[in-house]
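Structural description and commentary
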Amino acid sequence: MPRPQDHLPFPYRPEAGVLAHRLQALQGALDWMAAAAQAAPWVRSVRDNPPPFWAMESLLKEYPISSAEGLALMRLAEALLRVPDAETAIALTADQLGRADFDGAADSTLARLSSTAIAMSKHFLPSAGSEPGLMAKLGAKTVVAATLRAVQLLGRQFVLGQTIEEGMKEAASARKRQANLRFSFDMLGEGARTDEDALRYLASYQQAIGAIARQADPARHPGQNDGISIKLSALHPRYEDAQHERVMRELVPRVWTLCEAAAAAQLNLTIDAEEVDRLELSLDVFEALATRVAQHCPQWQGFGLALQAYQTRAVELIEHVALLARRHRLKFMCRLVKGAYWDAEIKRAQELGLPGYPVFTQKPHTDVSYLACARAMLEAPDAIHPQFATHNAGTIAAILQMASRQSVPFELQRLHGMGEGIYREVLKNPTISCRVYAPVGAHRDLLAYLVRRLLENGANSSFVHQLADESVGMDELLVSPLERSVPDATPSALPLPKDLYGASRPNSPGLDLAVAAHREPLLAAHAALVVPHVAETSATDASVAADRAQQAFAGWNHTPVAERAAVLRRAADAMQQQLPSLCALLVKEAHKGWSDAIAEVREAIDFLRYYANDAERVMAPQALPGPTGESNTLRLEGRGVWVCISPWNFPLAIFTGQVAAALATGNTVLAKPAEQTPAIAQVAVALLHAAGVPADALQLLHGPGETVGAALVAQPGVAGVVFTGSTPVAKLIQRALAAKDGPIVPLIAETGGINAMLVDSTALPEQVADAVVQSAFRSAGQRCSALRLLCVHEAVADGVIAMIQGAAKELVAGDPADLATDLVPVIDAEAFDGIARHLQRLQAQATPLLPSDRADAAPHRVPPQMFEVRSINEVTQEIFGPVLQVVRWSGDPMAVVRQINALGYGLTLGIQTRIDSRAQALAGAARVGNVYVNRNMIGAVVGVQPFGGEGLSGTGPKAGGPHYLLRFCAEQTLTINTTAAGGNVALFTG
């Protein structure tokens with residue numbers, strides 16, 4: 001049976017071509033002027049009779065999301081309900097309300113009252129970073145209690161009920177006011193991180209279906225009964241394409257239990273849409289379930305899925321679903337939505353350097369796609385029962401027009417709490433039915449859903465936002481998206497991922513492992529790879545190499561910087577062409593996983609291009625001011641021969657970065673790679689030689705650090721050393737350089753760290769768990785930046801730790817070449833034994849939080865380990881592996897940062913908080929090189945997050961940053977007395 005990708009087009013096609021196809025599909029299908037004329041009275045009625053203050057349209061009118069006030073309310077709604085301790089709740093409320101100006105008069109009486117109350121409340125709150133006194137604290141607690149109540153009231157507008165029974169009661173009440181309403185209940189909850197979470201969500205869905213079934217009429221079509229929407233990522237903790245086999249084995253039976261129950265009661269069960277990289281997996285799950293439906297309940301027409309119009313392959317997806325329905329002789333209920341993950345899809349494509357975007361980048365293009373998708377659904381009445389989810393009055397009128405031409409039954413849909421004003425008018429026609437997508441769950445669980453909905457519908461370009469803005473005229477509000485969408489050569493509202501950095505340099509192209517066409521070259525390269533042998537050199541070879549490098553220095557240094565930069569760019573292009581084979585070599589020799597291998601090759605390419613550009617910038621002669629009759633120029637040149645000693649954990653990226661920086665600035669290089677990964681270094685050197693670097697200007701010397709490395713450092717002609725590795729080895733190099741006679745030699749050292757993450761009680765636990773698992777356990781913890789110490793607030797520690805434990809247990813150990821592998825082995829036996837000694841010590845001194853062994857353990861593979869320690873000062877050593885130590889804290893978070901600083905390391909720090917002023921203050925107090933707020937702590941990007949630390953973590957400057965190349969350069973000021981040759985001519989001619 002073919003997989004869906006056999007039928008779907010490439011997800012990263014040029015937007016202009018896709019848009020042209022969508023416009024062509026709509027030719028003759030729609031009279032937009034007539035649709036706008038039908039929609040105009042609806043809009044006028046909503047503006048003349050606005051919904052209540054808390055409704056979405058009115059809320060956006062008073063507090064637009066683009067305003068400080070709207071953003072403050074959104075942030076409070078997202079975080080305040082989950083904060084268990086009063087002190088942090090006060091700090092969060094003060095932080096968010098303090099950023100906005102609620103003193104201005106609003107239009108409605110209720111809005112004016114609320115603004116006045118908020119403005120007065122701010123006087124009781126402490127300023128950011130200050131400690132309130134007793135009376136102020138009592139006042140602050142009162143304000144927080146009132147704010148909590150306001151947020152709960154806001155939640156009630158977007159959550160139908162906190163239980164399914166409460167939700168169904170509210171639905172029944174709504175139907176008394178509006179007879180042609182149906183509901184699709186969504187049990188609130190984001191993706192599961194643990195199997196326990198997934199089973200809890202499954203039970204919630206099962207309970208909801210049972211409750212809905214008791215009030216449904218099994219004799220009616222599922223379109224006439226209420227239904228349920230389910231999220232597949234909530235039902236499996238590893239719902240991702242790399243875990244395809246496991247998902248099919250474990251998830252499909254779970255979902256089938258829900259399908260069976262829904263089919264028995266004739267309910268509509270819709271699988272919600274998720275991120276684009278999960279699309280093929282979702283379709284495989286959907287098809288597996290459709291096969292069972294065809295076998296066991298073929299008369300059920302309530303099974304369906306949501307389809308996102310903002311995807312560039314949305315029309316083809318609809319065609320695929322229709323083919324699937326016909327193949328199984330079924331009919332699916334399909335919900336068409338615009339799409340709710342736009343910003344995440346754009347960011348992912350940019351970060352991965354993908355060929356394009358899988359979604360449209362302009363809202364009119366998505367609107368056109370929505371209409372083209374609607375036509376495609378209406379033209380497949382034998383296979384699809386269309387459900388159109390939209391709050392746009394023009395779109396609704398257009399759908400009514402297209403559906404009436406074909407006499408196809410359909411239903412409209414809206415979100416609970418949104419679009420009520422427009423649908424109040426639309427549903428005056430009793431022949432039109434509307435299904436309300438209705439979230440159900442505790443208010444504290446609404447946060448992620450609510451924020452996504454607010455952002456989606458509150459954007460300046462959204463219809464809901466513009467409907468509330470009476471300065472937007474009717475013609476502008478109901479303008480045809482077909483007229484606003486004119487294909488041309490550059491239809492994207494954003495630069496393509498390759499153009500992310502503008503004219504300075506291209507973003508290195510990457511691969512999407514969820515796309516078969518991107519995976520296949522990697523797997524083929526790995527299958528064909530033979531790791532080349534690299535001969536070791538000796539200490540005697542080091543002396544000869546140093547002499548050759550010294551002799552080559554003058555010629556390379558005098559090569560114009562533009563020519564040196566061109567050589568590096570040619571090497572970058574060659575590296576890009578060989579990306580699959582380089583990735584395969586990283587997987588085989590360095591035990592990298594595929595995603596890490598791709599990221600490392602891209603980082604090496606970025607280093608080459610970034611330093612090529614930066615060398616041209618910093619080495620350009622700079623005229624300095626001075627007295628008349630004199631010229632003063634500052635210019636840079638290379639220092640001489642540099643020794644570059646790189647590690648095994650980034651054997652291509654760091655190796656290339658060190659070498660490229662030295663070469664770009666006119667130095668010659670003696671490069672000593674890690675003993676474990678010489679083949680990768682040899683390939684990189686060969687690429688640089690082929691690009692034009694003279695053989696003597698770059699020499700590879702492979703051998704043990706204690707012999708070859710020490711001999712290179714000891715050479716009398718060495719002008720500098722750049723080293724990445726452990727702090728003890730850096731100190732050995734420092735002492736060796738200091739003991740030498742002759743010039744004082746600079747050392748650039750980037751060493752490890754006891755990298756900490758501070759989590760307060762406002763942080764989202766799911767976000768924390770994701771960041772911790774990625775930062776501590778990805779790459780087997782073998783990153784300089786990896787998380788070593790988790791400091792979590794005691795009020796949320798139990799829940800956060802439990803979620804991390806559950807997520808860690810879901811990680812898959814295996815062969816690095818297997819796409820499903822999460823846990824790769826550590827580099828060698830020496831590393832494994834060193835980690836084992838640390839684990840033995842921690843087993844005796846701390847509280848284990850994860851099992852110490854696994855049944856699937858293989859040589860040199862360390863399972864994720866987590867230990868709770870009593871205090872920060874107990875963590876005195878970096879453990880270079882997947883070992884996390886956890887400490888609970890309370891009180892002042894600034895005291896936690898001071899304790900982290902006292903450890904003496906200073907590489908990376910993570911901060912997880914929703915208190916913006918707190919994040920800024922903690923970052924300012926931290927003595928570290930890289931601070932990451934509300935994300936993971938790994939994966940620094942060249943030129944975006946320059947990397948390097950201080951204290952025991954290195955000397956600086958930061959690699960991949962604007963100050964790095966200066967350390968490789970000697971400076972010279974040239975002063976010329978122009979009066980000696982006739983004076984300053986400019987004075988005479990001016």
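Look up a bit, the structure's there.
Residues numbered from 1 in each chain as written. Predicted model: local features only at pLDDT ≥ 70, side-chain atom pairs only at ≥ 80, totals over all residues. Heavy atoms only, no water.

1. With respect to the overall build of the chain
Per the secondary structure count, the chain includes 35 helices and 23 strands. Its C-alpha atoms give the chain a radius of gyration of 31 Å, within 12% of the compact-globule value 30 Å for 990 residues. Projected onto its principal axes, the C-alpha positions of the chain cover 95 × 75 × 65 Å. Within the chain, counting contacts between residues at least 6 apart in sequence, those at least 24 apart form 78% of the total. In the chain, which carries 86 positive and 99 negative side-chain charges, the distance between the mean positions of the two groups comes to 3 Å. (Helix = DSSP H or I, 4+ residues; strand = E, 2+ residues; numbered from the N terminus. Rg over C-alpha atoms; globule rule 2.2 N^0.38 Å. Contact = heavy atoms within 4.5 Å. Lys, Arg positive; Asp, Glu negative; His and termini not counted. Charge placed at Lys NZ, Arg CZ, Asp CG, Glu CD.)

2. Quick notes on the pattern of salt bridges
This structure, assessed with the given rule, holds 45 salt bridges. Between Arg-200 and Asp-197 there is a salt bridge; the shortest N-O distance is 2.9 Å. A residue pair is termed a helical-turn pair when its members lie 3 or 4 positions apart in one helix, as Arg-200 and Asp-197 do in helix H9 (residues 195–215) at 3 residues. For Arg-200, a relative accessible area of 48% puts it in the partly exposed group. (Salt bridge = Lys/Arg side-chain N within 4 Å of Asp/Glu carboxyl O. Buried < 20%, exposed > 50% of the residue type's maximum accessible area, 1.4 Å probe, protein only.)

3. A few points about helix H24 (residues 579–590)
The end-to-end C-alpha distance of H24, which contains 12 residues, comes to 15 Å, matching closely the 16 Å that a straight helix rising 1.5 Å per residue would cover. Counting buried residues along H24, 9 of its 12 residues qualify, which places the element largely inside the surrounding structure. Buried residues of H24: Leu-579, Leu-582, Cys-583, Ala-584, Leu-585, Leu-586, Val-587, Glu-589 and Ala-590, and no others. Along its buried surface, H24 packs onto helix H21 (516–528), helix H23 (561–577), helix H25 (594–618) and helix H27 (678–691). Just beyond H24, the residue with positive phi is His-591, at close to 60°. (Expected span 1.5 Å × (residues − 1).)

4. A short note on the environment of Lys-141
You can see Lys-141 is positioned in helix H7 (residues 134–158). Measuring from C-alpha to C-alpha, the distance between Lys-141 and Tyr-341 comes to 36 Å, with 200 residues separating the pair along the chain. If sequence neighbours within four positions are ignored, Lys-141 has contacts with Ala-86 and Ile-90.

5. Description of the sheet that holds strand S14 (residues 718–724)
The 5 strands are arranged S13-S12-S11-S14-S15 in an open sheet whose pairing can be described as parallel. Lying at the two open borders of the sheet, with one neighbouring strand each, are strand S13 (698–700) and strand S15 (747–750). Strand after strand, the sheet turns through a mean of 15° between neighbouring axes, direction not considered. One ladder, built from 4 bridges, connects S14 with S15; its direction is parallel. If you follow Thr-724 over to S15, its bridge partner there is Glu-750. Packing against the sheet, helix H22 (residues 539–557) makes contact with strand S11 (641–645), strand S12 (668–672) and S13, and its axis sits at approximately 145° to S12. (Pairing = 2+ DSSP bridges. Axes fitted to C-alpha atoms, helices over the stretch in contact; angles between N-to-C directions.)

6. Examining the packing of H24 against H27
Between H24 and H27, the shortest axis-to-axis distance is 9 Å and the interhelical angle comes to 155°. On the basis of their axis angle, the class for H24 and H27 is roughly antiparallel. Residues Leu-582, Leu-585, Leu-586, Glu-589 and Ala-590 of H24 form the contact with H27, whose participating residues are Pro-678, Ala-679, Ile-680, Val-683 and Leu-687. The residue inventory of the contact of H24 with H27, partitioned by class, reads 9 nonpolar, no polar and 1 charged. (Parallel < 35°, antiparallel > 145°, perpendicular 65-115°, else oblique. Nonpolar A, V, L, I, M, F, W, Y, C, P; charged D, E, K, R; others polar.)

7. Focus on the packing of aromatic side chains
All told, the structure shown has 13 aromatic pairs when counted by the stated rule. Aromatic pair Phe-286 and Phe-332: ring centres 4.8 Å apart, planes at 65°, arrangement edge-to-face. Separated by 46 residues along the polypeptide, Phe-286 in helix H11 (residues 279–296) and Phe-332 in strand S5 (residues 332–337) bring together distant segments of the chain. The same class applies to Phe-286 and to Phe-332, which are both buried. Measuring from centroid to centroid gives 6.1 Å for Phe-303 and Phe-332, while their planes differ by 80°, and the two rings are edge-to-face. Residue Phe-303 is found in strand S4 (residues 303–308), and its partner Phe-332 is found in strand S5; the two are separated by 29 residues along the sequence. We classify Phe-303 as buried; its relative accessible area is 1%. (Phe/Tyr/Trp six-rings, centres within 6.5 Å; stacked < 30°, edge-to-face > 60°.)

8. Notes on the sheet that holds strand S23 (residues 969–977)
Pairing within the open sheet is antiparallel, and its 3 strands lie in the order S9-S10-S23. The sheet terminates laterally at strand S9 (622–624) and S23, the two strands that pair on one side only. The sheet shows a mean angle of 30° between the axes of neighbouring strands, direction not considered. Bridge analysis of strand S10 (residues 630–638) against S23 gives 9 bridges, and the strand direction is antiparallel. Paired with Thr-633 across the strands is Leu-974, a residue of S23.

9. Remarks on the state of the cysteines
For the structure shown, the criterion picks out 0 disulfides. With no disulfide of its own, Cys-259 lies closest to Cys-297 among cysteine sulfurs, the gap being 7.6 Å. (Disulfide = S-S within 2.5 Å.)

10. Focus: the nonpolar core
With 115 residues, the main nonpolar core has Phe-185, Ile-230, Leu-269, Phe-303, Phe-332, Phe-388 and Ile-422 as its most contacted residues. Excluding residues within four positions of it along the chain, Ile-422 makes contact with Trp-42, Val-43, Val-46, His-391, Ala-393, Ile-396, Phe-463 and Leu-467. (Core = buried A, V, L, I, M, F, W, Y, C linked by side-chain atoms within 4.5 Å.)

11. Some thoughts on a negative patch on the surface
On the surface, Glu-536, Glu-675, Glu-706, Glu-830 and Asp-833 cluster together into a negatively charged patch. Relative accessible area serves as the criterion here: at 65%, Glu-830 is assigned to the exposed category. (Patch = residues over 30% accessible without salt bridge, like charges linked within 9 Å, V, L, I, M, F, W, Y side chains within 5 Å. Areas by Shrake-Rupley, 256 points an atom, 1.4 Å probe, with all protein chains shown as cover.)

12. Quick look at unusual backbone geometry
The peptide bond linking Gly-956 to Pro-957 adopts the cis configuration, its omega dihedral lying at -5°. Here Pro-957 shows up in the loop between strand S22 (930–933) and S23. The phi torsion at Ser-407 lies on the positive side, around 55°, for a residue other than glycine. Mapped onto the elements, Ser-407 comes out in the loop between helix H15 (393–406) and strand S7 (411–415). A relative accessible area of 66% places Ser-407 in the exposed class.

13. A look at the pairing of strand S2 (residues 227–230)
Going residue by residue along S2, you find Gly-227 and Ser-229 tucked away on one face and Ile-228 and Ile-230 tucked away on the opposite face as well. The sheet contact formed by strand S1 (residues 181–187) and S2 spans 3 bridges and is parallel. In the sheet register, Asp-186 faces S2, and the bridge partner there is Ser-229. Here S2 runs beside strand S3 (residues 268–271); their pairing, made up of 4 bridges, is parallel. Pairing of Ser-229 across the sheet is with Thr-270, part of S3. Read as a crossover between parallel neighbours, the route from S2 over helix H10 (residues 244–264) to S3 is right-handed. (Right-handed = clockwise from strand over helix to strand, strands pointing away.)

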